[in-house]
Amino acid sequence: MTDITSSTFVRRNLLTERPAPVKTTGFVGLMRTRLFNSPTNILLTIVGALLLWFTIIPSVRFLLVDAVWAGTDRTACLTENAGFVVGACWPYIQAKLPQLIYGFYPEAERWRVNLTLFLAAALLVPLLVPRLPSKGLNAGLFFFAFPVVAFFLLHGGGISGFGLSWTAGILQLFDDSIIGAGQVLLNLSKTSAMAPLLWVIGNLVVLVGTAIYWLIFPLTSLRDQLQGTGQSVWADFAITAVIVSLIAFVLGGGVRTGWRALASSFATFVAIAIVIKLMGLDHGGLPIVQTGLWGGLLVTLVVSVTGIVTSLPIGIALALGRRSTIPLIRIFSIAFIEFWRGVPLITVLFFATYMLPLFLPGNFTVDGLVRALVGIALFTGAYQAENVRGGLAAIPRGQGEAAAALGLSWWKTTSLIVLPQALRHVIPNLVNSFISLFKDTSLVSIVALFDLLGSLRASFSDPKWSTPSTAFTGFAFAGIIYFLFCFGMSRYSLFVEHRLNAHRRT
């Protein structure tokens, strides 16, 4: 006990005070640890603050503080009438907003555009929310049913037949093209130095075309008979439904397991019949609105959404083809990709608009907007192919070898194992291409298609709204719209990337 008591120690003097700990949280901590923790960061902070001061403040003053919000013509946006230096002229946007959204679409028919946009949003939003059910049905409606409904809503018109008539028409067009090529060769044989060879080849081509004509004659004859009746659409529809349903039943397993495929086919055709009846497609449908009257945000969305949806499957097919072991497929994919990547989009649009009709048969025409859509889809698909190929190259060979060891076929290995991982790796690249395509839609104005910027520039010619700030207001409004769409795609891509890469989080 004495030893323990003698070894105790009690300090009689207080320790000197230590400085308070440096605050590392909150706004003050952010300033201390991130913005002013070194001479270089101090300099960068000052430069950044000056840039924000000379860009954000004037923008806010122009768009909000000094803006004019009410008026009926240009006089409301003049400095001498407003009494101050006028910024944005928002009455001009209010007056031209229908033109910027619909272009020259007839005012009485604009409800069709509104309905199309509503249907697109109603189908797209559930597809983007991961927790909502029925993704397969929703995707089928958005990617397959909606484009057809949107076409008849926006363009109008009806149908004079269905699957049987369409198949017969395509085969007859193909046969006419073959016979026409043979006739051209026969005409050349009359004046060419290679007359015997051209005569032989021409007769062979005409003979092939004649053989095809007699092969498809029962189909074309049945089509002509159906069109002679008063209910050609519904008779053609019934025949098509029966044929397709039987094929689905047989491919689904026949009597043993094909009933589900038969029920799905029957339900699909019932839904198609309801749409045909509701839209009156069997009696001419809605009034036709030519694509030359389309414009504004409508054309921008049609071009961008069509390009985005169609370019990704094209890119996936080309990427897989470029990695194929079959020389013909690999060479074709490489040539296709390098050709479309080697020409600018302007050239593609000019070729699709003005040169493509020269290579088509005389009785075959393609709408100008459709030609631009095809050119943009092929052009963007070539770029997407390289993005997807980069993702495929990042997948270890062991993934495919493990799938082969389990007995999976090449199709199952690619679609279930390799391709999902590859697409997950290249989500930023894919979305970056989508954003670039959305902004590049402004180039269609060069081929007489009025997108958002084209309609905006057309509105500048109205003398009723000719003021010094009209052009700045219009371009600011268009920039805000482009930013909202592009920023939304960017943020959603970050969400998808974060969700699909949960296994990599630390």
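An unreviewed UniProt entry lists the protein chain under the name Amino acid ABC transporter permease, from Bradyrhizobium niftali.

Colleague: Which parts of the structure should I look at to understand the overall build of the protein chain?
Modeller: Along its length, the protein chain carries 21 helices and two strands. Relative to a compact globule of 506 residues, whose C-alpha radius of gyration would be 23 Å, the protein chain shows 32 Å and is clearly more extended. The principal-axis extent of the C-alpha atoms belonging to the protein chain is close to 120 × 85 × 55 Å. Counting only carbon and sulfur atoms, one obtains 70% of the accessible surface of the protein chain, whose full area is about 30900 Å². Counting 34 positive and 20 negative side-chain charges, the protein chain places the averaged centre of each group 13 Å from the other.

Colleague: What exactly am I supposed to notice about the state of the cysteines here?
Modeller: What makes a disulfide is a covalent bond joining the sulfur atoms belonging to two cysteines. In total, this model carries one disulfide according to the counting rule given. Across the disulfide, C77 is cross-linked to C89 (sulfur-sulfur distance 1.9 Å). Across the S-S bond of C77 and C89 the torsion is about 70°, and the bridge reads as right-handed. Pair noted here: C77 is in the loop between α3 (39-65) and α4 (79-82) and C89 is in the loop between α4 and α5 (90-102), with a separation of 12 residues, a long-range link. Here the two residues C77 and C89 agree in accessibility, since each one is buried.

Colleague: I tried to follow the packing of aromatic side chains on my own but got confused; where do I start?
Modeller: Here the distance between the centres and the angle between the planes together describe a pair of aromatic rings. Per the counting criterion, the structure on display carries 25 aromatic pairs. With centroids separated by 6.1 Å and ring planes inclined at 40°, the aromatic side chains of F332 and F336 adopt a geometry described as tilted. Of this pair, F332 and F336 are both found in helix α14 (residues 327-341), four residues apart, which corresponds to roughly one turn of the helix. Take F332: its relative accessible area is 52%, and that puts it in the exposed class. Note on F336: relative accessible area 16%, which makes it buried. When the centroid spacing of 5.4 Å and the interplanar angle of 85° are considered together, the rings of F339 and W340 count as edge-to-face. Note on W340: relative accessible area 13%, which makes it buried. Here the aromatic residues F162, W166, W234, F237 and F269 are joined through ring pairs into a cluster of three or more. Above the face of the Y383 ring, R341 is positioned so that its terminal group lies 6.0 Å from the ring centre.

Colleague: How should I be thinking about the domain arrangement of the protein chain in this particular structure?
Modeller: In many reports, interface size means the accessible area that the parts give up when they come together. According to the domain assignment, the protein chain contains domain 1 (26-82), domain 2 (94-105 + 291-504) and domain 3 (163-283). Once you take the C-alpha centre of each, domain 2 and domain 3 turn out to be 31 Å apart.

Colleague: Please clarify how unusual backbone geometry should be interpreted in this entry.
Modeller: Most peptide bonds take the trans configuration, and most residues that are not glycine carry a negative phi. The phi torsion at S134 lies on the positive side, around 55°, for a residue other than glycine. Mapped onto the elements, S134 comes out in the loop between α6 (110-128) and α7 (135-154). Here the phi dihedral of A448 falls at roughly 65°; this positive angle occurs in a residue that is not glycine. Here A448 shows up in the loop between α19 (427-440) and β2 (450-451). Judged by relative accessible area, A448 falls into the exposed class, the value being 56%.

Colleague: When you look at the environment of V270 in this model, what are you seeing that I'm missing?
Modeller: Along the polypeptide, V270 turns up in helix α12 (residues 259-279). The spacing of V270 and R11 is 259 residues in sequence and 94 Å in space, taken between C-alpha atoms.

Colleague: Can you help me understand the nonpolar core in this one?
Modeller: The nonpolar side chains of soluble globular proteins are, as a tendency, buried together. Formed by 42 residues in total, the largest nonpolar core has its most connected members in Y105 and W294. Elements represented by at least two residues in this core include exactly α13 (297-322), α14, α15 (345-355), α16 (368-393), α18 (410-425) and α19. By residue number, the principal contributor to this core is α16, which donates nine residues. Excluding residues that lie within four positions of it along the chain, W294 makes contacts with Y102, Y105, L154, H155, V289, V299, L369 and F450.

Colleague: Looking at this model, I keep getting lost on the pattern of salt bridges. Mind explaining?
Modeller: Should the charged atoms of two oppositely charged side chains come close, the side chains can pair. Inspection of the entire model under this criterion finds 11 salt bridges. When the shortest N-O distance is used, the salt bridge between R341 and E386 registers 3.6 Å. With R341 in helix α14 and E386 in helix α16, the pair connects residues that are 45 residues apart, well separated along the chain. The exposure class of R341 is partly exposed, given its relative accessible area of 36%. Accessibility expressed as a relative area gives 17% for E386, which makes it buried. Bridged by salt links that share partners, the residues R322, E338, R341, E386 and R389 form one connected network.

Colleague: Can you help me understand the side chain of T473 in this one?
Modeller: Within the secondary structure, T473 sits in helix α21 (residues 470-500). What makes T473 buried here is its relative accessible area of 0%. Leave out the neighbours within four places in its chain, and T473 touches F62, G87, A88, C89, W90 and I93.

Thresholds, definitions, all that
Residues numbered from 1 in each chain as written. Predicted model: local features only at pLDDT ≥ 70, side-chain atom pairs only at ≥ 80, totals over all residues. Heavy atoms only, no water. Helix = DSSP H or I, 4+ residues; strand = E, 2+ residues; numbered from the N terminus. Rg over C-alpha atoms; globule rule 2.2 N^0.38 Å. Areas by Shrake-Rupley, 256 points an atom, 1.4 Å probe, with all protein chains shown as cover. Lys, Arg positive; Asp, Glu negative; His and termini not counted. Charge placed at Lys NZ, Arg CZ, Asp CG, Glu CD. Disulfide = S-S within 2.5 Å. Buried < 20%, exposed > 50% of the residue type's maximum accessible area, 1.4 Å probe, protein only. Phe/Tyr/Trp six-rings, centres within 6.5 Å; stacked < 30°, edge-to-face > 60°. Lys NZ or Arg CZ within 6 Å of the ring centre and 35° of its normal. Domains from an automatic or database assignment. Core = buried A, V, L, I, M, F, W, Y, C linked by side-chain atoms within 4.5 Å. Contact = heavy atoms within 4.5 Å. Salt bridge = Lys/Arg side-chain N within 4 Å of Asp/Glu carboxyl O.

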